[in-house]
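# Topology and contacts: notes
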Amino acid sequence: MAKNERTELMNICMIYDDQGNVLMQNRRKKVWPGVTFPGGHVEPGESLVLSVIREIKEETGLDIKNVKLCGVKEWFEEDGTRAMVFFYRTGDYSGTLRSSREGEVFWAPLDKLDEYPLASDFERNLELFVSEKISELFYDPAEDHVLRSY
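Attention here is on the structure that accompanies the text.

The rules behind the values
- Counting restarts for each chain: residues are numbered from 1 in the order of the written sequence.
- For this predicted model, a pLDDT threshold of at least 70 governs which residues receive local features, and a threshold of 80 or more governs which side-chain atom pairs are given and counted, while totals over whole chains, interfaces and linings are taken from all residues.
- Think of the side-chain values as coming from all heavy atoms in the structure, minus any hydrogens and water.
- When accessible area is computed with a 1.4 Å probe and restricted to protein chains, residues below 20% of their type maximum are described as buried, those above 50% as exposed, and intermediate ones as partly exposed.
- Secondary structure elements are taken from DSSP: a helix is a run of H or I of four residues or more, a strand is a run of E of two residues or more, and numbering for both begins at the N terminus.
- When DSSP locates at least two bridges between a pair of strands, those strands are taken to pair.
- Only the stretch in contact is used when fitting a helix axis, every axis being a line fitted to C-alpha atoms; angles between N-to-C directions are given from 0 to 180 degrees.
- Between two residues, a contact is recorded if the distance between any of their heavy atoms is within 4.5 Å.
- Any Lys or Arg side-chain nitrogen found within 4 Å of a carboxyl oxygen on Asp or Glu counts as a salt bridge.

Looking now at the pairing of strand β7 (residues 82-90). With respect to burial, β7 is a largely interior element, eight of its nine residues being buried. Inspection of the sheet shows strand β1 (residues 7-15) paired to β7 by nine bridges, in the parallel sense. For E8, the partnering residue across the bridge sits in β7 and is A83. Between strand β6 (residues 68-76) and β7, which pair antiparallel and follow one another directly, the connecting turn spans five residues, one of which, G80, has a positive phi of 95°.

This brings us to the sheet that holds strand β10 (residues 136-140). Backbone-to-backbone hydrogen bonds join strands into a sheet, with any given pair of strands oriented parallel or antiparallel. Pairing in this open sheet of six strands is mixed, and the strands run β4-β1-β7-β6-β10-β11 from one edge to the other. Bordering the open sheet on either side are β4 (39-41) and β11 (146-149), each of which pairs with just one other strand. Across the sheet, the axes of successive neighbouring strands diverge by a mean angle of 15°, strand direction being ignored. Here β10 pairs with β11 via four bridges, running antiparallel. Bridge pairing in β11 links L137 to S149. Along the sheet face, helix α2 (residues 122-130) touches β1, β6, β7, β10 and β11 and points at about 55° away from the line of β7.

Let's shift gears to the pattern of salt bridges. Here the structure, examined in full by the defined rule, presents twelve salt bridges. Where R82 meets E74, a salt bridge forms, and the shortest distance between an N and an O atom there is 2.3 Å. Between E143 and R148 there is a salt bridge, and its shortest N-O distance comes to 2.7 Å. Relative accessible area serves as the criterion here: at 41%, E143 is assigned to the partly exposed category. Look at R148 and you get partly exposed, because its relative accessible area is 29%. Three or more residues joined by partner-sharing salt bridges are found here, namely E43, E46, R54, E55 and E58.

Okay, structure coming up:
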């Protein structure tokens, strides 16, 4: 059995304030459109934490620090590539909020996110950000890609 596999690494970050709001992004891309938390890809050779800090700066204008790893979501693409998204959260940010070509960013009450046109599976993703009971979401290829939480 091979010890290596082709892998695509991504990140996503829940940024929250002290009034119960979270920073949302209305994605413009055709891949995974809808309202979600900002994030992006890990560049080759880049640290996972530094990648989420960079992506948030690029997409929102904010500088974040003290990010906490919440968990990971993973699945297999049709070509066999393992896709992994590392979930982070932080309430430690500074800078001036601005939208980017990735999409409009805005603050929204965490308890009212169901009022937005959310990206596919975002509600399950949200569980990983806020629950201490799970740390992984996995689309199981052996079970016709049923989403499992662990």
